Amino acid sequence: IGNGHANGTVSDNSSSGYNSPSSPEEDTTDDPALLSLYNSYEEARLIVSSSAQEDISPYYIGGKEEVKTQIFCLGQLPDFSAEDVSYVDVSLLSPIVPSKVLSLIPPSVERIFVLEQLYSWNLKWPPLYLELMTALQHSRSSPPSVQSVLFGEPSSITHLDIIKLLQQDLSS
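A brief structural summary. (Residues numbered from 1 in each chain as written. Predicted model: local features only at pLDDT ≥ 70, side-chain atom pairs only at ≥ 80, totals over all residues. Heavy atoms only, no water.)

With that settled, consider the overall build of the protein chain. For the protein chain, the count of helices and strands is four helices and six strands. When the helices and strands of the protein chain are placed in sequence order, the string is β-α-β-β-β-α-β-α-β-α. Looking at the protein chain as shown, the accessible area adds up to about 9,300 Å², and 51% of this sits on carbon and sulfur atoms. (Helix = DSSP H or I, 4+ residues; strand = E, 2+ residues; numbered from the N terminus. Areas by Shrake-Rupley, 256 points an atom, 1.4 Å probe, with all protein chains shown as cover.)

In total, this model carries four salt bridges according to the counting rule given. A salt bridge links Arg45 to Glu42, with the nearest nitrogen and oxygen atoms 2.9 Å apart. Remark: Glu42 and Arg45 occur in helix α1 (residues 32-52); sequence separation between them is three residues, near one turn of the helix. For Glu42, a relative accessible area of 5% corresponds to the buried category. Asp55 is paired through a salt bridge with Arg45; the nearest N and O atoms lie 2.8 Å apart. Of the two residues, Asp55 sits in the loop between α1 and β2 (59-63) while Arg45 sits in helix α1, which places them ten residues apart along the sequence. Exposure remark for Asp55: the relative accessible area of 36% places this residue in the partly exposed category. In the salt-bridge network here, residues are joined through shared partners; they are Glu42, Arg45 and Asp55. (Salt bridge = Lys/Arg side-chain N within 4 Å of Asp/Glu carboxyl O. Buried < 20%, exposed > 50% of the residue type's maximum accessible area, 1.4 Å probe, protein only.)

A general trend in soluble globular proteins is that nonpolar side chains are found buried together. In this structure, Tyr59, Phe72, Ile112 and Leu132 are the most contacted members of the largest nonpolar core, which totals 25 residues. With five residues, helix α3 (residues 127-136) is the largest single contributor of residues to this core. Setting aside residues no more than four positions away along its own chain, Phe72 makes contact with Val88, Val90, Val101, Leu104, Ile105, Ile112, Phe113, Val114, Leu115, Leu128 and Leu132. (Core = buried A, V, L, I, M, F, W, Y, C linked by side-chain atoms within 4.5 Å. Contact = heavy atoms within 4.5 Å.)

Listed in full, the buried residues belonging to α3 are Leu128, Tyr129, Leu132, Ala135 and Leu136. Around the axis of α3, the buried residues are gathered within 130° of arc, so they sit on the same side. On the buried face of α3, the contacting elements are β3 (69-74), β4 (85-90), α2 (98-103), β5 (111-117) and β6 (145-151). (Arc of directions from axis to C-beta.)

A grouping of Trp121, Leu123 and Leu150 is seen on the molecular surface, where their side chains present a nonpolar patch of about 300 Å² in accessible area. Relative to the helices and strands, Leu150 resides in strand β6. (Patch = residues over 30% accessible without salt bridge, like charges linked within 9 Å, V, L, I, M, F, W, Y side chains within 5 Å.)

On to the packing of aromatic side chains, then. Across all of its chains, the model carries two aromatic pairs by this definition. Here Tyr38 and Tyr41 contribute two aromatic rings whose centre-to-centre distance is 5.8 Å and whose plane-to-plane angle is 45°, an arrangement assigned as tilted. Note that Tyr38 and Tyr41 are positioned in helix α1 at a spacing of three residues, about one turn of the helix. For the pair Tyr38 and Tyr41, one class covers both residues: buried. Here Trp125 and Tyr129 contribute two aromatic rings whose centre-to-centre distance is 5.0 Å and whose plane-to-plane angle is 25°, an arrangement assigned as stacked. (Phe/Tyr/Trp six-rings, centres within 6.5 Å; stacked < 30°, edge-to-face > 60°.)

As structure tokens, then:
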């Protein structure tokens, strides 16, 4: 995962690169108030992107499309590469629209790691994990396994730590 997103694809409002087709069992009805907030964000994002002459996106995607494992990350991680893994670097935590999140997850994904950089957290579930789980409730009949991982200081995490995490069995 690169902090500069050099290896990733920028996801805009309309496309993630994955765009899994909706199936009859998917409920992608988004809350109108949430959509309104997201649309306001998009308007502001386009203005700032134009002024800065740089695309500012709520999600940056890296890796291949047909993968079994995906990482959603809120925070900074070291650069790494792994076979059969894609990642979504999240830069917008709220408002998250469930249909937008679902469009970021390729149909081949069987497990998701949600990595969040939080120095301290007093509640049971961290914010990105909750948002992702909410979106997956509107998902396909067999959603992927999801594991939440919290980390503090990014400089203490190495490429090897990420690889070990990816090798874990989610059932344990």
